[in-house]
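Structural overview for review
Chain residues, written in single-letter form:
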Amino acid sequence: MEVKMMTSIDHQYLLGGVIAFLLGFVIFYNSRKKTETNGASMAIQTQETVKTSANGFYRPESTGNTDVIVVGAGVAGSALAYTLGKDGRRVHVIERDLTEPDRIVGELLQPGGYLKLIELGLEDCVNEIDAQRVVGYALYKDGKNAKLPYPLESFHADVAGRSFHNGRFIQRMREKASSLPNVRVEQGTVTSLLEEKGIIKGVQYKTKDGHELTAYAPLTIVCDGCFSNLRRSLCNPKVEVPSCFVGLILENCQLPSANHGHVILGDPSPILFYPISSTEIRCLVDVPGQKVPSISSGEMAQYLKTVVAPQVPPELYNAFIAAVDKGNIRTMPNRSMAASPYPTPGALLMGDAFNMRHPLTGGGMTVALSDIVVLRDLLRPLRDLNDAAALCRYLETFYTLRKPVASTINTLAGALYKVFCASPDPARQEMRKACFDYLSLGGVFSNGPISLLSGLNPRPLILVLHFFAVAIYGVGRLLLPFPSPKRVWLGARLISGASGIIFPIIKAEGVRQMFFPAMVPAYYRAPPRN
């Protein structure tokens with residue numbers, strides 16, 4: 001990612017920098033002493049995803065056997081179906097492919113996500129799939145490393161992260177949802193939403209056998225993943241692809257720090273290692289941009305051996321080379337998309353179809369499960385979902401209540417990725433060094449950021465405080481013991497660069513919803529009377 005030289009500092013970033021300086025310098029000073037010792041329209045876009053009564057689809061007179069249609073049975077869809085079914089809703093799940101998925105992401109559930117799993121009664125889904133406990137991270141940079149444990153002291157001994165094969169986890173979730181008599185799980189491809197007079201009434205889908213069918217319910221929840229073909233009807237998708245992951249599985253080796261995720265601050269971007277079974281370690285190599293070296297031509301293998309392998313910890317080097325030689329190399333684009341929904345009567349978006357962030361921090365499943373808890377609590381007082389307009393107004397509360405947690409995890413993922421990537425810009429280099437050294441201090445300096453990353457304490461203000469504390473820590477190292485004009489200028493650019501990283505992400509997430517949700521009118525919506 002190219003960083004242009006900043007010859008002038010935007011006044012709003014400068015203001016943020018000044019505030020951050022006042023907040024952060026105390027932290028730097030103490031640590032130095034220690035180390036020395038849409039308004040969007042309700043009208044629905046009708047490309048290929050919406051059918052109306054005017055173009056050939058009519059609702060039958062009797063359609064009262066389903067309360068909620070869930071499109072997609074991934075992590076979000078399966079967990080949602082089980083949760084609503086357990087509350088007595090009649091749920092119809094339509095999933096394109098019910099065979100076990102084979103993905104290279106969605107394999108690490110943070111401790112905050114595991115707590116939500118417990119809250120939903122789904123914690124046994126990590127049993128019998130050879131899931132591995134994860135208790136923290138090991139961070140590597142330029143031959144140095146630091147252990148960053150999750151702050152789990154105040155939680156039950158069972159609470160930790162979990163890593164696993166994504167497909168095994170999803171199959172357990174699907175089995176759990178299917179075990180409820182009022183949840184019907186069916187294989188089929190949803191081709192369109194059915195709309196009458198601006199209200200989503202259900203879906204049209206094609207069964208496994210190729211038959212075209214329709215299904216109706218008062219509420220349709222779309223959870224069809226990052227490749228959703230229905231989201232354009234329900235939101236304003238602005239999908240960015242900052243990088244791609246190249247995935248490998250390492251065998252017959254042990255991680256340098258057992259039960260830890262490993263993050264190598266490599267060049268040009270991070271490299272991840274974490275266990276996904278008792279005998280396998282997942283390696284994800286981040287490649288900036290949307291193009292990756294060709295696998296078929298051997299260019300990818302050459303890239304991994306010559307550029308990536310020298311940066312891999314020695315304990316993993318031989319297994320890494322063996323995995324490259326084995327040839328089972330997978331790639332996947334890393335997508336990010338801020339939530340920008342159209343409040344639509346009769347329909348709701350959830351999961352990756354609704355909101356995505358860079359997977360570097362493994363926060364996607366935590367956000368999805370947290371969203372399900374919020375939605376469950378909102379729907380519980382309602383006996384009848386048939387008043388679509390009133391339900392739509394009420395569920396605008398969902399978009400507000402989810403924001404502090406979701407936006408904190410989203411912002412952290414985007415900001416950390418930019419900080420962890422290598423850059424030719426000296427200010428960005430200093431920020432990267434400062435981040436590693438700040439986290440290496442331990443205590444409050446690592447516990448705060450790791451509590452954010454783990455989803456245990458996802459508070460927006462804590463995120464901003466620590467982010468700028470890192471920047472001020474970097475500035476302090478530049479200015480002490482003897483500041484020079486060059487160092488002062490570099491420090492100013494570091495603060496400006498940090499502001500330029502985090503403020504646009506916060507703006508996209510929504511400042512008021514993220515920091516002051518109680519100021520949003522929808523925050524106070526009461527359930528519609530049945």
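Structure's up top.
Residues numbered from 1 in each chain as written. Predicted model: local features only at pLDDT ≥ 70, side-chain atom pairs only at ≥ 80, totals over all residues. Heavy atoms only, no water.

**Overview of the sheet that holds strand β15 (residues 271–275)**
With mixed pairing, the 7 strands of this open sheet are ordered in space as β7-β6-β14-β15-β16-β13-β17. With one partner strand each, in any of the chains shown, β7 (144–149) and β17 (330–336) form the two edges of the open sheet. Ignoring strand direction, the axes of neighbouring strands in this sheet form an average angle of 20 degrees. Sheet topology note: the strand β14 (residues 260–264)/β15 ladder contains 3 bridges and is antiparallel. Bridge pairing in β15 places Val-263 opposite Leu-272. (Pairing = 2+ DSSP bridges. Helix = DSSP H or I, 4+ residues; strand = E, 2+ residues; numbered from the N terminus. Axes fitted to C-alpha atoms, helices over the stretch in contact; angles between N-to-C directions.)

**Quick word on the packing of helix α3 (residues 111–119) against helix α7 (residues 364–379)**
At their nearest, the axes of α3 and α7 sit 8 Å apart, and the two run at 35 degrees to each other. For the pair α3 and α7, the crossing hand works out as left-handed. Across from Gly-112, Gly-113, Lys-116, Leu-117 and Glu-119 in α3, the residues of α7 making contact are Thr-366, Leu-369, Ser-370, Val-373 and Arg-376. Among the residues forming the contact of α3 with α7, the class breakdown is 3 nonpolar, 4 polar and 3 charged. (Left-handed = near helix turned anticlockwise from the far one by under 90°. Contact = heavy atoms within 4.5 Å. Nonpolar A, V, L, I, M, F, W, Y, C, P; charged D, E, K, R; others polar.)

**With respect to the pattern of salt bridges**
For side chains bearing opposite charge, pairing can occur when the charged atoms are close. Inspection of the entire model under this criterion finds 22 salt bridges. A salt bridge links Asp-102 to Arg-330, with the shortest nitrogen-to-oxygen separation between them at 3.3 Å. Taken together, the residues Asp-102 in the loop between β3 (91–95) and β4 (108–109) and Arg-330 in strand β17 connect sequence positions 228 residues apart. On the basis of relative accessible area, Asp-102 is assigned to the exposed category, the value being 57%. According to the relative accessible area criterion, Arg-330 is partly exposed, its value standing at 27%. Taken together, the shared-partner salt bridges in this structure form one network comprising Lys-116, Glu-119, Arg-376 and Asp-377. (Salt bridge = Lys/Arg side-chain N within 4 Å of Asp/Glu carboxyl O. Buried < 20%, exposed > 50% of the residue type's maximum accessible area, 1.4 Å probe, protein only.)

**Observations regarding the pairing of β3**
Of all 5 residues that make up β3, 5 are buried, and the element is covered over most of its length. Burial of the side chains of β3 extends over both faces: Val-91, Val-93 and Glu-95 are buried on one face and His-92 and Ile-94 on the other. With 4 bridges joining them, strand β2 (residues 68–71) and β3 adopt parallel strand pairing. The residue bridging Val-68 from the neighbouring strand is Val-91, located in β3. For the crossover from β2 across helix α2 (residues 75–86) to β3, the handedness is right-handed. (Right-handed = clockwise from strand over helix to strand, strands pointing away.)

**Quick notes on the packing of aromatic side chains**
The full count for this structure, using the stated rule, is 10 aromatic pairs. Pairing Tyr-137 with Tyr-150 gives two aromatic rings, centres 6.0 Å apart and planes at 90 degrees, and the pair type is edge-to-face. One end of the pair, Tyr-137, is in strand β6 (residues 136–141); the other, Tyr-150, is in the loop between β7 and β8 (161–163), with 13 residues separating them in the sequence. Of the two residues, Tyr-137 and Tyr-150, neither departs from the other in class, the shared state being buried. Ring centres of Phe-354 and Tyr-399 lie 5.7 Å apart, and the angle between their planes is 50 degrees; on these two criteria the pair is classed as tilted. On the criterion of sequence distance, the pair formed by Phe-354 in the loop between β18 (347–349) and α7 and Tyr-399 in helix α8 (residues 388–401) is long-range, its members being 45 residues apart. Here Phe-354 falls in the buried class, since its relative accessible area comes to 1%. What links up through ring pairs into an aromatic cluster is the set Phe-354, Phe-398 and Tyr-399. (Phe/Tyr/Trp six-rings, centres within 6.5 Å; stacked < 30°, edge-to-face > 60°.)

**Regarding the packing of helix α10 (residues 426–440) against helix α13 (residues 485–509)**
Packing of α10 against α13 brings their axes to within 9 Å, and their N-to-C directions diverge by 75 degrees. Judged by the angle between their axes, α10 and α13 are roughly perpendicular. Taken together, the residues of α13 that come into contact with α10 (itself represented by Pro-426, Ala-427, Arg-428, Glu-430 and Met-431) are Leu-490, Arg-493, Leu-494, Ala-498 and Ile-501. Among the residues forming the contact of α10 with α13, the class breakdown is 7 nonpolar, no polar and 3 charged. (Parallel < 35°, antiparallel > 145°, perpendicular 65-115°, else oblique.)

**Remarks on the side chain of Ser-407**
By the element assignment, Ser-407 lies in helix α9 (residues 403–420). Apart from residues lying up to four places away in sequence, Ser-407 is in contact with Glu-509 and Met-514.

**Digging into the pairing of strand β11 (residues 212–216)**
Here strand β10 (residues 199–207) runs beside β11; their pairing, made up of 5 bridges, is antiparallel. Note on β11: the bridge partner recorded for Lys-206 is Glu-212. Hairpin connection, β10 to β11: the antiparallel pair is bridged by 4 residues, and Gly-210 has positive phi, about 95 degrees.

**Thoughts on unusual backbone geometry**
Omega for the bond connecting Asp-267 with Pro-268 falls within 30 degrees of zero, at 20 degrees, which places this linkage in the cis form. Along the chain, Pro-268 falls in the loop between β14 and β15. Cis rather than trans, the peptide bond between Leu-480 and Pro-481 has omega equal to 0 degrees. Within the element layout of this structure, Pro-481 appears in the loop between α12 (460–479) and α13. Phi is positive for Lys-197, close to 55 degrees, though the residue is something other than glycine. Tracing the chain through its elements places Lys-197 in the loop between β9 (183–196) and β10. A positive phi angle, near 60 degrees, is found at Asn-252, a position not held by glycine. Looking at the element boundaries, Asn-252 is found in the loop between β13 (240–251) and β14. Judged by relative accessible area, which is 79%, Asn-252 ranks as exposed.

**Remarks on a nonpolar patch on the surface**
The grouping of Leu-401, Tyr-523 and Tyr-524 at the surface amounts to a nonpolar patch, some 300 Å² of accessible area in total. Mapping Leu-401 onto the fold places it in helix α8. (Patch = residues over 30% accessible without salt bridge, like charges linked within 9 Å, V, L, I, M, F, W, Y side chains within 5 Å. Areas by Shrake-Rupley, 256 points an atom, 1.4 Å probe, with all protein chains shown as cover.)

These results come straight from atomic positions and should not be treated as a statement about function.
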